[in-house]
Each structure stands twice: as C-alpha cells, then as structure tokens.
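Summary of structural features
Here's the letter readout for the chains.
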Amino acid sequence: MLQTFNEKNRDLLVNINGELIHRDKAGISPFDSAVQGGDAVWEGIRVYDGRIFKLIEHLDRLVSSAKALAFETIPSHDEITSEITRTLEANKMRDGVHIRLTLTRGKKITSGMDPRLNQAGPTLIILAEHKAPVYAAAVGDTGLSLVTSSIRRFPPDCLDPKIHHCNLIQSILAKIEANHAGADDSIMLDQRGFLAETNATHVFIVTGGVVETSRLVACPEGITRETVLELCDVNGIPHAERDISMTEVYRADECFTTGTMGELAWVGRVDGRTIADGTRGPMTARLSTLYQELTASSGVRVVD
Ligand SMILES: Cc1ncc(COP(=O)(O)O)c(C=O)c1O
C-alpha cells in the first residue's frame, strides 16, 4: 500500500506555532527537539463535514503523552482547537481531511538530549491534508494483506505504548519488512509472542460472533479501538480484550484493523494465509457501518 500525492495538497498552509506557512517553506529549527531526538508527541485526527471525530479524546491523549514526557508547558485544549480552526479555514478545508498534530518539546539552546536545554516552550505543528481513509484503495476485493514482523512491540517497562510519541523507528522497520514482503502492513507481537497491533493500527479478530482485540500491553490506547469496543457494548455484540496468539488470527472468521487514518479495514490474508473464505465478513461490515454512522453524526464542530 503506497499513498500517492494529492494535487489538492500542493499549496497547503502548515501551522507552526501559530504561523501559517506554505508547505514548501514550512520548517522547524535544527535545534527543535523533534529533530534532535524525536522528542515529541503526536495525534492523527480526522475532519468529517466540519467536525473532528473524538477531538477531546485525541487532545486528552496528546496532553497525557506530553505530561508523561514531562513537558514543562502544554497548550490547552482551547488553544490547540482554535489553531486547528485557523488552519482549516486558511486551507478552506471542511471534509475528507486528516490532521497530523505534533507537539514537540521545542527549541533547545544547544544540541543535546537534556530537556533542561529546552527553554523556549513547545512547538505545535498542525499539518492538515486532504486525505481519504488510507486503506480504502488497498483493501479492494481481497482485503489487506499483513505479515508478521520480526520486530516486537515494547512492553511498558521498555517504552510505554501509552505515550503516543514520535519515535516511530520501530514501526518504520516493521513497515519496511511489510514492503519487502509485498504486504500492506506488518503485524507486531508483544515480547511474549501475543498479537500487539500492526505497525500503524490495532487488530481485531472475530470468532464465533465474538469480537476480540489484544489487551493494552504493547499497543497504544487507540481511539478507534475504543470506539469499536463501545459500539460492540451499545449494540449487544459480544467482545473481549485478551491475549491473542497468531494461531487464533489464522483461524479467525474475520480480521480487521482500526485507526483514525484508515478507519476499519478488513484483512484478507495474514502471512500468506487466507482468513476464512477471503471475503469481508458480516461483523466487519456491520461495525464499519456503525462506525461511519457515528463519524457522520458526532464530533466537535471546528469549521462551518
Ligand atoms: C502505533 C499505532 N497504533 C494504532 C494507532 C491507531 O490509533 P487511533 O485509533 O487512536 O488512531 C495509532 C494511531 O496513531 C498508532 O500510532
């Protein structure tokens, strides 16, 4: 799966600490913590018809990640939201938009990892792009193809996945493995060998009508994951969070991934093995419809 350039994004204005700058000119200092050490937190959020789905949950996760990294200053939800609105208005955007929100520890007085070198406050970057759910094209008639990566997800005592940070190298290495294997993404296991997630999304299986996903051991607190579990709750669909082995994935009736960028995407093959009969299953279809109904009817209005 390779995303392509969207002409509509040619003249984007990017918001860096309140300044709206053309994408070709936008940049941050070489002294910025994101450049120096990936010392930053981020969110991927999506705009539906002028509303951001689960905005508060995304901002809460951004702030709690920044707190976990002991950022000294963290902008308020209101400050971030009003900058998002300015960015969308400046780009005349209101639908089919994905925003990459990055908060770095900010500029350092000299290069080095010590957070005490950060004396200028954080850097807030709002990058809004026209972007349809990214897996739509890859799914096609055969669903996503996943391969199991040799790279394990960290447990909380190595690098807590509850911190949604910008050190994405572990995920990028897993993505490189998927690319070389001709797959769309990699499945990543935890250190015990149980399913954690993919390099970019959470994974669900459906077996005998029960919707299941891995516990929050080696994967982040996913907002789409949580939404799907809530949808199961509200609609009386049996569901569980538990340790899942790859055997259980291979023999599942259905498998799908979740994430803000790609919503729900059904999986047709894992490690070259076809899941069930290789078609999109009824539970995945039902949950996708329920999810789309929710994104169409809820969210925080940010532009008219
Ligand atoms: C590693 C990882 N897994 C899963 C997800 C999906 O999470 P969400 O549903 O909150 O977008 C993300 C999104 O940022 C992620 O970075």
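The structure displayed is predicted, hence computed values, not measured ones. (Residues numbered from 1 in each chain as written. Predicted model: local features only at pLDDT ≥ 70, side-chain atom pairs only at ≥ 80, totals over all residues.)

Remarks on the overall build of the protein
- Of the regular secondary structure elements, the protein holds nine helices and 16 strands.
- Rg of the C-alpha trace for the protein: 19 Å, near the compact-globule value of 19 Å for 304 residues, within the 12% margin.
- Taking the principal axes of its C-alpha atoms as reference, the protein extends roughly 55 × 45 × 35 Å.
- Within the protein, the fraction of its 304 residues that count as buried is 41%.
- Expressed as a percentage of contacts within the protein between residues at least 6 apart in sequence, the contacts between residues at least 24 apart total 71%. (Helix = DSSP H or I, 4+ residues; strand = E, 2+ residues; numbered from the N terminus. Rg over C-alpha atoms; globule rule 2.2 N^0.38 Å. Buried ≥ 20, exposed ≤ 12 C-beta atoms within 10 Å, placed from the backbone. Contact = placed C-beta atoms within 7 Å.)

Observations regarding the domain arrangement of the protein
- In terms of domains, the protein is made up of domain 1 (8–130) and domain 2 (136–296).
- For domain 1 and domain 2, the distance between their C-alpha centres works out to 26 Å.
- Looking at the side of domain 1 that touches domain 2, the elements with two or more residues in it are β3 (40–48), α2 (55–68) and β5 (97–104).
- In terms of residue class, the side of domain 1 that touches domain 2 is made up of nine nonpolar, six polar and five charged. (Domains from an automatic or database assignment. Nonpolar A, V, L, I, M, F, W, Y, C, P; charged D, E, K, R; others polar.)

So, the packing of helix α7 (residues 223–234) against helix α9 (residues 282–297)
- Here α7 crosses α9 at 105°, and the two axes come no closer than 10 Å. Considering the angle they form, α7 stands roughly perpendicular to α9. When α7 is examined against α9, the residues T227, V228 and L231 are found in contact with a partner set consisting of L287, L290, Y291 and L294. (Axes fitted to C-alpha atoms, helices over the stretch in contact; angles between N-to-C directions. Parallel < 35°, antiparallel > 145°, perpendicular 65-115°, else oblique.)

Observations concerning the nonpolar core
- Counting residues in each nonpolar core, the largest one holds 35 residues, and the members touching the most others are F204, C255 and V267.
- It is strand β14 (residues 263–270) that provides the largest number of residues to this core, a total of five residues. (Core = buried A, V, L, I, M, F, W, Y, C linked by C-beta atoms within 7 Å.)

Considerations on the pairing of β5
- Of the pairings in the sheet, the one linking β3 to β5 comprises eight bridges and is antiparallel in character. Among the inter-strand pairings, G44 is bridged to a residue of β5, identified as R100. (Pairing = 2+ DSSP bridges.)

Some points on the site of the ligand
- Neighbouring the ligand are 14 residues; G222, I223, T224, G259 and T260 lie closest to it.
- Contributing elements (two or more residues each) for the shell around the ligand: α7 and β13 (254–259).
- Per element, the largest residue contribution to the shell around the ligand is three residues, and it comes from α7.
- Its residues assigned to classes, the shell around the ligand shows three nonpolar, nine polar and two charged. (Near = placed C-beta within 6 Å.)

Some words on the sheet that holds β3
- Pairing is antiparallel across the open sheet formed by seven strands, whose spatial order is β2-β1-β6-β5-β3-β4-β16. At either margin of the open sheet sits one strand with a lone partner, and together these are β2 (19–22) and β16 (300–301).
- The sheet contact formed by strand β1 (residues 13–16) and β2 spans four bridges and is antiparallel. Bridge pairing in β2 links N15 to L20.
- This element, helix α3 (residues 77–90), spans β1, β2, β3, β5 and β6 (123–130) of the sheet and lies at about 40° to β6.

Describing the pairing of strand β8 (residues 185–189)
- Taking burial as the measure, the five residues of β8 include five buried ones, the bulk of the element.
- Pairing analysis gives three bridges linking strand β7 (residues 144–148) to β8, with the strands arranged parallel. When the sheet's bridge partners are listed, L146 is paired in β8 with D185.
- Pairing analysis gives three bridges linking β8 to strand β9 (residues 195–198), with the strands arranged antiparallel. Residue pairing for β9: I187 is matched across the bridge by T198.
- Counted along the chain from β8 to the antiparallel partner β9, the turn is five residues long, and its residue G193 has a positive phi close to 95°.

As for the environment of E19
- By secondary structure assignment, the location of E19 is in strand β2.
- A tally of 9 C-beta atoms within 10 Å means that E19 is categorised as exposed.
- A C-alpha to C-alpha distance of 39 Å links E19 and R152, two positions 133 residues apart in sequence.

Things to note about α9
- Under the 1.5 Å per step criterion, the end-to-end length of α9 is 23 Å for 16 residues, consistent within 8% with the ideal 22 Å.
- By the burial criterion, the buried members of α9 are M283, T284 and L287. Viewed end-on, α9 has its buried residues packed into an arc of 95°, placing them on one side of the element. Away from its buried face, by an angle of more than 90 degrees, α9 presents the exposed residues P282, T289, E293, A296 and S297.
- Turning to α9, the residues buried within the fold contact β10 (202–207), β11 (210–213), α7, β13 and β14.
- Downstream of α9 by a residue or two, G299 has a phi angle that is positive, lying close to 115°. (Expected span 1.5 Å × (residues − 1). Arc of directions from axis to C-beta.)

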